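Listed below, chain by chain, are the residues.
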Amino acid sequence: MNLKFIELTLGSHMISHGYDADNKEVLENVTVDGFSKKIVAVSRIKSVSETYILTDYLDGRWIYWEYQESFEDLKKILV
């Protein structure tokens, strides 16, 4: 099976805007009430941890999304 998109339930997230002069990541925290379903292109997914799914974003930025699915379920879908 060659997935192009998956449905995820995503919540609060952090947008990485790159690094400052001291090589520290510049993060913008975005807190939302609850989770909402989104369709995500599998090609945008860079990594998955038990807490966050990392995707690319506009202009070379990255987003760390909180997700509601279990890590094991997401792993089964992607692997």
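Residues numbered from 1 in each chain as written. Predicted model: local features only at pLDDT ≥ 70, side-chain atom pairs only at ≥ 80, totals over all residues. Heavy atoms only, no water.

Engineer: Account for the side chain of Ser-16, with residues named and values stated.
Structural biologist: Relative to the helices and strands, Ser-16 resides in strand β1 (residues 5-19). Polar contacts involving the side chain of Ser-16 include one to the side chain of Glu-25, which spans 2.7 Å. Leave out the neighbours within four places in its chain, and Ser-16 touches Glu-25, Val-26, Leu-27, Arg-61, Trp-62 and Tyr-64. (Helix = DSSP H or I, 4+ residues; strand = E, 2+ residues; numbered from the N terminus. Polar contact = N/O pair within 3.5 Å; in protein donor to acceptor, adjacent residues only side chain to side chain. Contact = heavy atoms within 4.5 Å.)

Engineer: Explain the pattern of salt bridges residue by residue, including any values.
Structural biologist: What the rule picks out here adds up to four salt bridges. Across the pair Lys-37 and Glu-7 runs a salt bridge whose closest N-O atoms are separated by 3.1 Å. Taken together, the residues span a long stretch of sequence, with Lys-37 in strand β3 (residues 36-41) and Glu-7 in strand β1 at a distance of 30 residues. A salt bridge links Arg-44 to Asp-56; the nearest nitrogen and oxygen atoms lie 3.3 Å apart. In this pair, Arg-44 sits in the loop between β3 and β4 (45-48) while Asp-56 sits in strand β5 (residues 52-56), placing the two residues 12 residues apart along the sequence. Put simply, Arg-44, Lys-46 and Asp-56 are held in one network by salt bridges that share partners. (Salt bridge = Lys/Arg side-chain N within 4 Å of Asp/Glu carboxyl O.)

These values are about where atoms sit, not about what they do.
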